[in-house]
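# Report on the structure
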Amino acid sequence: MAATQGPINYSAYDPSREVAQLEAIRSMISTDLSEPYSIYVYRYFLYQWGDLCYMAFDGDLLVGVVVGKLERHRGGPLRGYIAMLATKKEYRGNGIATKLVQMAIDAMKAQDADEVALETETTNTAAIKLYERLGFLRSKRLHRYYFNGNSAFRLILYLKPSPNPSCGCEGNEHEHNHDHDQDHSHSHDGSSS
Amino acid sequence: MNGCETNPNSHSNGHGSGVEELDPPAGIAKLQLLDDHDDHDDQKNTASDPNIHHESAPQLPQPATAPMSRFIDITREFIEASEKLDVGQLVKDHEFTLFQAVGALEIGDLKMDSGLLEPEYELFDAWKPRLPEELVGIMDRLLCNEMAWHSGSALSQTLFANLYIDQLLSSCPTTLKQATFGARPGTPADLLDALGQDIVQSVLRPYCIALIKCCGYVCWQVPSERMYEEEDFVQQTYGLPLLQIVDAREVFALLESALEWLDENKGAPSLSEELATAMRNRLLLRKSLLENFSLGAEMYHEGVESTWTGCLELVAKVEKEHALAKEVPEAWSMSVQRKLASSVPPRSLVELPFEEAATTLKQLCAETKDILKILNYAGATNTMTYFMHFGARRPAPLPYTRSLIQSLFMKDVKIIGKMPVKCILFDDLSELCYPMQELLNPANFEVEAPQSPQFQIARRMDWFVERAGKAYINLYRDFCQNRSRLRRILCKSILDWDSLQVEAEEIDSEIRTFTLEEPLQTRDGPQYSFSLSSWVYHYKLHLMETVVLLGFELEIFPLHEFAGMYWYLQYYLRTRAAHVERICSFVTKPPASSSSSAEDQEAYQKTHSLLNYHLLTITSMQDLSTGLVYLYCVLARHSLLGPTPPADALRYEGRLKPFLTIGCPEVVAYSAFRDVVDNVEISDAELLSYAAEHLQEAKRGYMHIAKLDADTARATLCEQDWRKNMQRLLRSCFGAAVAVGVLAREMEVGGLEGVKVSLDRGAGYHEAFPVPVVGVRK
């Protein structure tokens, strides 16, 4: 595991610097993605919830990013969503992803989120461990969720007790989450998303 | 792509930068490249109402034609308009959702634009002479494609990428004559080449046509029942026909002609006996598959015999002969996707190894033959047991079988082609509860005088058929879904069963006033049978247990939650045991008088035996779960379960979400829960000794069950599955007991330093009871 080259700086996404930053974000995330995203997917999140996007830099180099959103889920709870999370390969294993996720969650909490959700491949043990350490629960399993046929877990972090447990119907939408953080140095096959 | 969302709030928050809802400047065209096949609603299934008969008329596909004159070049206007926007400004229509964004493609991007693929299909020469071994290779690889499709891959990544099939279908043929490889170039003078072309026309074409016809049947059957699109099966055919309109007899005739051709030509120098036989077997297998796929539920209901066994025999032969195959990779190309599915990114072809394909086909034949057993009605409980075991099988049953079994079970509002829902529902009710005669007496339903108690009873029983019948029948369908989907369905349906229980209790009370039921005198006062709601409650509890069991099976619970969730399992089991005992107390032996028939006596005996069987299985699993609660409690105490995030009431509530609103049994208060799971007052040694005791009891229970016959277990239709299930439970008991033993020993000897625990999910153990393996560092 390569040691980090220098101190890591964390900052919020700056929309006025979109031209440079969006490209870097897109480039880092798309390397590991098996399913290609057009620029609209990135803009969809960053234009509406740029304040939920945090980046990690080693000097000028972007080494980690988290992208999310926050909206009312089916007229019920205010639900945060971790849409994308990625750390540059050489920088993994140093808690960068954990810190980025925590920053996003804190921002969602500050905006009164009731819960935070995401999906990740059932085989992505590193990601699952990361989120469970932060208090996420596996709430459901989604059969053949990804285009490569792999299944997913939906993970949820409850931030507040449910006000009215009788409207506890789980969300049913499919939302695409791509999580690239792997703490292991061995390569995983390119089909993981 | 996944994700269907409408975002009413997407433009309303002032958070992100500059999302202004401007009127689009003149000339901006919405760049929306939507895959025609629509929203991916989590509820997407094609036949949720069993009363709607879905008959998809064969579609006559139209090849896409868009005259070039309808395209307008808007580049200049677009550039002008976009220059009016600042960096960071976005014009977004409120109907442009995440789904649209995810589905958008960038033209010219290799990863997204299938148009960049070279159209290799245009250069393909279907008439290129082929060697017999190449034919075998092509037919075998097509079989691999077909099995991959059955297993959930898209046609565009499998069969439709085969260039022979592409040739046959791309003209959207509606008759056999139109399905050709194109005009034949003149017959070559070289005899070898001539034979090589003949074989393509006379053997490969019939094979491909029959294969397509098979797919046509499958494509009709699978979505006709409850099946979740893209999760289990991709029914997209890209507007191409699957020869649904062509009469199957024509296809059979074509196969016959192919077999004849082989007979006539097998003497030819390049066509060895071996290879001729190999091709013959493949044609025979295809013929057999076509015969079987062409059988729909109605035909099975009428008693038509299937020949799935014959298929199996042929598959065995085909497998052996696969060694003769010579692969022809040039006959496949991903480039077909540029014309089939240009609005989604190109996807690489799915390669299923031949051995796996053969195994899948054998599974398909065997399991499809097996489900026909349900047509020999052996009572409601036996039928339900079959469905529960069917759904739990590994490897999971294929979508075709999972759909066909639903059709066999329920078609045109009739159960297994012969009885109304009322019949199987009343059977289930009487098998479990042996309710008062008055409830189920068919004569009641003939009575027309409204003031008659019989009429009143019948009315309420009609309500029950309507209300409970729906939930009950849906349960059969639910068990045909994939396990992940089943758990999600059950999490919702237990709420419905809970409401049903409350409603049924009221009805029970009302019925009582007409039957004038005499209460049972107990210590707690007079008790009434409440047959209907008792039946509902029993199912509800069983489903709640299943939700927990599935949580283990699907790995939804991490190790550090095992103790708590096994606690809930034994809590629900315990509750059901008490409930079964309650039902038992109302199952009274009919007096041996002339008025009660032998049938009545038999029914009583059967219920009595079923309730006893339930008690046996419940208490065995209860002991197993309890033993595990104690075991995992000790493991957790010594931090042997890996990193454990802090537990708190919030997470507890989140985990128990599906059960929070259930009236009874209620979710236990968090503090009480912690008490019974952490057992702080009890020492490690005591906990391990309790664990050992319970596991010993569980073993005894399962060993006893193993000696019972399938009749007693109401598993006459699925005896093998049932026995295997019980064996695996028993093995889990043994495995857990070993862990307890090792732990106890290590503690005695000096402590748990260096002890490591791993989880064994091996196939020998029950999927909901993986075994913790306690490893000791020497």
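Bear in mind that the values here come from a model prediction, so they are computed numbers and not experimental data.

In terms of regular secondary structure, chain A is built from four helices and eight strands. In chain A, the succession of α and β elements from N to C terminus is β-α-α-β-β-β-α-β-α-β-β-β. When burial is assessed residue by residue, chain A has 60% of its 193 residues classed as buried. Residue pairs in contact within chain A that sit at least 24 positions apart in sequence constitute 67% of those at least 6 positions apart. Approximately 7,000 Å² of chain A is accessible, and the part contributed by carbon and sulfur atoms is 51%.

When helices and strands are counted, chain B shows 25 helices and eight strands. Structurally, chain B occupies a C-alpha span of about 95 × 75 × 75 Å along its principal axes. Taking all 778 residues of chain B together, the buried fraction comes to 54%. Total accessible area on chain B stands at roughly 34,000 Å², and carbon and sulfur atoms take up 54% of it. Positive and negative side-chain charges in chain B, numbering 73 and 109 respectively, have mean positions lying 4 Å apart.

A few words on the environment of B:Asp496. Residues and elements named next belong to chain B. Turning to its location among the elements, Asp-496 is positioned in helix H18 (residues 483-515). Look at Asp-496 and you get partly exposed, because its relative accessible area is 32%. Residues within four places of Asp-496 in sequence aside, it is in contact with Arg-467 and Ala-471.

Looking now at the environment of B:Glu367. Residue and element names in this part refer to chain B. With respect to the secondary-structure elements, Glu-367 resides in helix H12 (residues 354-371). Judged by its relative accessible area of 5%, Glu-367 is buried. Measuring from C-alpha to C-alpha, the distance between Glu-367 and Arg-280 comes to 25 Å, with 87 residues separating the pair along the chain. Apart from residues no more than four positions distant in its own chain, Glu-367 is found in contact with Arg-393, Pro-397, Leu-398 and Thr-401.

We now examine the confidence of the model for chain B. Residues and elements named next belong to chain B. In the predicted model, chain B carries a mean pLDDT of 89, and 90% of its residues have values of at least 70. The low-confidence segment residues 1-62, where pLDDT is below 50, has 135 contacts with residues more than four positions distant or belonging to other chains. Two summary scores accompany this predicted model of the complex, namely pTM at 0.88 and ipTM at 0.87.

Residues and elements named next belong to chain B. The N-to-C vectors of helix H13 (residues 380-392) and helix H14 (residues 399-409) enclose an angle of 170°; their axes lie 12 Å apart at closest approach. Comparing their axes, H14 and H13 come out roughly antiparallel. For the pair H13 and H14, contact is made by Thr-383, Tyr-386, Phe-387 and Phe-390 and by Thr-401, Arg-402, Ile-405 and Phe-409, respectively. Grouping the constituent residues of the contact of H13 with H14 by class yields five nonpolar, two polar and one charged.

Moving on, we get to the side chain of B:Thr575. Mapped onto the fold, B:Thr575 is located in helix H20 (residues 562-586). Exposure remark for B:Thr575: the relative accessible area of 17% places this residue in the buried category.

Quick look at the packing of helix H6 (residues 191-221) of chain B against helix H8 (residues 273-293) of chain B now. Residues and elements named next belong to chain B. Between H6 and H8, the least distance of the axes is 9 Å, while the angle of their chain directions is 25°. Compared by their axis directions, H6 and H8 come out roughly parallel. The hand of the H6/H8 crossing is left-handed. Here Ile-199, Val-203, Tyr-207, Ala-210, Leu-211, Lys-213, Cys-214, Tyr-217 and Val-218 of H6 lie close against H8, whose contacting residues are Met-279, Arg-282, Leu-283, Arg-286, Leu-289, Leu-290 and Phe-293. Tallied by class, the residues present in the contact of H6 with H8 amount to 13 nonpolar, no polar and three charged.

Counting 225 residues, the largest nonpolar core has B:Phe160, B:Tyr164, B:Phe409, B:Tyr472, B:Trp535, B:Tyr568 and B:Phe769 as the members making the most contacts within it. Leave out the neighbours within four places in its chain, and B:Tyr472 touches B:Ala380, B:Met384, B:Ile424, B:Leu425, B:Asp428, B:Trp497, B:Trp535 and B:Tyr539. In terms of nonpolar packing, the next biggest core, distinct from the first, is built from 66 residues, A:Leu33, A:Val67, A:Ile105 and A:Ala107 among them.

Moving on to the environment of B:Gly152. Here B:Gly152 is to be found in the loop between helix H4 (132-150) and helix H5 (163-169). The class of B:Gly152 is buried, set by a relative accessible area of 5%. Not counting the four nearest positions on each side in its chain, B:Gly152 is found in contact with A:Arg144, B:Asp232, B:Phe233 and B:Val234.

Quick look at the packing of aromatic side chains now. All names here are of chain B. For the structure on display, the rule yields 49 aromatic pairs over all chains. Each ring, one from Trp-535 and one from Tyr-539, has its centre 5.0 Å from the other, and the planes form 65°; the classification is edge-to-face. You can see Trp-535 and its partner Tyr-539 sitting in helix H19 (residues 531-553), four residues apart, about one turn around the helix. Taken together, the aromatic side chains of Tyr-386, Phe-387, Phe-390, Phe-409, Trp-463, Phe-464, Tyr-472, Tyr-476, Trp-497, Trp-535 and Tyr-539 make up a single cluster linked through ring pairs. One Lys or Arg, Lys-213, reaches over the ring of Tyr-217 and ends 4.8 Å from the middle of that ring. Between Arg-512 and the ring centre of Tyr-528, over which it is positioned, the NZ or CZ distance is 3.9 Å.

With that out of the way, let us pick up the pattern of salt bridges. Residue and element names in this part refer to chain B. Within this structure, the stated rule accounts for 48 salt bridges over all chains. Taking the shortest distance from any N to any O, the salt bridge between Asp-678 and Arg-674 comes out at 2.7 Å. Taken together, the residues span about one helical turn, with Asp-678 and Arg-674 both in helix H23 (residues 670-678) at a distance of four residues. Residue Asp-678 is classed as partly exposed on the basis of its relative accessible area, which comes to 28%. A relative accessible area of 24% places Arg-674 in the partly exposed class. One network of salt bridges, in which partners are shared, links Asp-370, Lys-373, Arg-393 and Asp-721.

So, on to the pairing of strand S4 (residues 78-87) of chain A. Residues and elements named next belong to chain A. A large share of S4 lies buried, amounting to 10 of its 10 residues. As paired elements, strand S3 (residues 61-72) and S4 share nine bridges and run antiparallel to each other. Bridging across to S4, Gly-64 finds its partner in Thr-87. Here S3 folds back onto S4, and the loop between the two strands holds five residues, one of which, Arg-74, carries a positive phi near 50°. Relative to strand S5 (residues 115-121), S4 runs parallel, the two being bridged by three bridges. If you follow Arg-79 over to S5, its bridge partner there is Glu-115. Note that the unit made of S4, helix H3 (residues 96-110) and S5 has a crossover that is right-handed.

Attention now moves to unusual backbone geometry. Cis peptide bonds are those with omega within 30 degrees of zero, and the linkage from B:Arg394 to B:Pro395 qualifies with 0°. As for its position among the elements, B:Pro395 is in the loop between H13 and H14. Cis geometry marks the peptide bond from B:Cys664 to B:Pro665; its omega dihedral reads 0°. With respect to the element layout, B:Pro665 can be found in the loop between helix H22 (649-655) and H23. You will see that A:Arg144, though not glycine, has its phi angle at about 50°, which is positive. Inspection of the secondary structure puts A:Arg144 in the loop between strand S6 (137-142) and strand S7 (152-158). Its identity as a non-glycine residue notwithstanding, B:Leu243 has a phi of 60°, on the positive side. Relative to the helices and strands, B:Leu243 is located in the loop between H6 and helix H7 (248-265).

This part is about H14(B). Where burial is concerned, most of H14(B) is hidden: 11 out of the 11 residues are buried. Those residues of H14(B) that fall on the buried side of the exposure criterion are B:Pro399, B:Tyr400, B:Thr401, B:Arg402, B:Ser403, B:Leu404, B:Ile405, B:Gln406, B:Ser407, B:Leu408 and B:Phe409.

All names here are of chain B. As enumerated under the stated definition, the model contains zero disulfides over all chains in all. There is no disulfide at Cys-144, and the cysteine sulfur nearest it, in Cys-215, is 14 Å away. Between Cys-214, a free cysteine, and Cys-215, which holds the nearest cysteine sulfur, the sulfur-to-sulfur gap is 6.7 Å.

We now examine the side chain of B:Asp232. Mapped onto the elements, B:Asp232 comes out in the loop between H6 and H7. At a separation of 3.1 Å, a polar atom in the side chain of B:Asp232 contacts the side chain of B:Arg402. Polar side-chain contacts of B:Asp232 include one of 3.0 Å to the side chain of B:Asn482. Residues within four places of B:Asp232 in sequence aside, it is in contact with A:His143, B:Ser151, B:Gly152, B:Met227, B:Pro399, B:Arg402, B:Gln481 and B:Asn482.

Each value, and the rule that gives it
- Going along each chain's sequence as written, the residues are numbered from 1 onward.
- Labels follow written order: the first chain is A, the first ligand is 1, and so on.
- Given that the model is predicted, a residue must reach a pLDDT of at least 70 before its local features are reported, and side-chain atom pairs must reach 80 or more before they are shown or counted; all residues, however, enter totals for whole chains, interfaces and linings.
- In computing side-chain properties, one takes all heavy atoms of the structure into account and sets aside hydrogens as well as water.
- The way it works is that DSSP assigns letters per residue, a run of H or I at least four long becomes a helix, a run of E at least two long becomes a strand, and they are numbered from the N terminus.
- Each residue's exposure class comes from its accessible area (1.4 Å probe, protein chains only) as a fraction of the maximum for that residue type: buried when under 20%, exposed when over 50%, partly exposed otherwise.
- Only heavy atoms enter the contact rule, under which two residues are in contact if any of them lie within 4.5 Å.
- With residues, only the protein chains shown are counted as cover, and all accessible areas are computed by Shrake-Rupley using a 1.4 Å probe.
- Here the positive residues are Lys and Arg and the negative ones are Asp and Glu; neither His nor the chain ends is included.
- In plain terms, the charge of a residue is placed at NZ if it is Lys, CZ if Arg, CG if Asp and CD if Glu.
- For every residue, the predictor reports its confidence as pLDDT, a number between 0 and 100.
- Fitted lines through C-alpha atoms serve as axes, helices being fitted only where they are in contact, and the angles separating the N-to-C directions of these axes extend from 0 to 180 degrees.
- If an angle is under 35 degrees, it is roughly parallel; if it is over 145, roughly antiparallel; if it lies from 65 to 115, roughly perpendicular; otherwise it is oblique.
- Residue classes follow a fixed rule: Ala, Val, Leu, Ile, Met, Phe, Trp, Tyr, Cys and Pro count as nonpolar, while Asp, Glu, Lys and Arg count as charged, and any other residue, Gly among them, counts as polar.
- It is the rotation of the near helix from the far one that decides the hand of a crossing: anticlockwise by less than a right angle makes it left-handed, clockwise makes it right-handed.
- We call a set of buried residues a nonpolar core when its members are Ala, Val, Leu, Ile, Met, Phe, Trp, Tyr or Cys and they connect through side-chain atoms within 4.5 Å of each other.
- The criterion for an aromatic pair is that two Phe, Tyr or Trp rings (for Trp, the six-membered ring) have centres within 6.5 Å, with stacked assigned to planes under 30 degrees apart, edge-to-face to planes over 60 apart and tilted to the rest.
- Charges are assigned to positions over rings by a cutoff of 6 Å between ring centre and Lys NZ or Arg CZ, combined with an angular limit of 35 degrees from the ring normal.
- Whenever a carboxyl oxygen of Asp or Glu lies within 4 Å of a side-chain nitrogen of Lys or Arg, that contact is scored as a salt bridge.
- A pair of strands is considered paired only if DSSP assigns at least 2 bridges between the two.
- Think of it like this: strands point away, you trace from the first strand over the helix to the second, and a clockwise trace means the crossover is right-handed.
- When two cysteine sulfur atoms are found within 2.5 Å, that pair is recorded as a disulfide.
- Here a polar contact is taken to be a pair of N or O atoms separated by no more than 3.5 Å, where protein atoms must pair a possible hydrogen donor with a possible acceptor and residues adjacent in sequence count only if both atoms sit in side chains.

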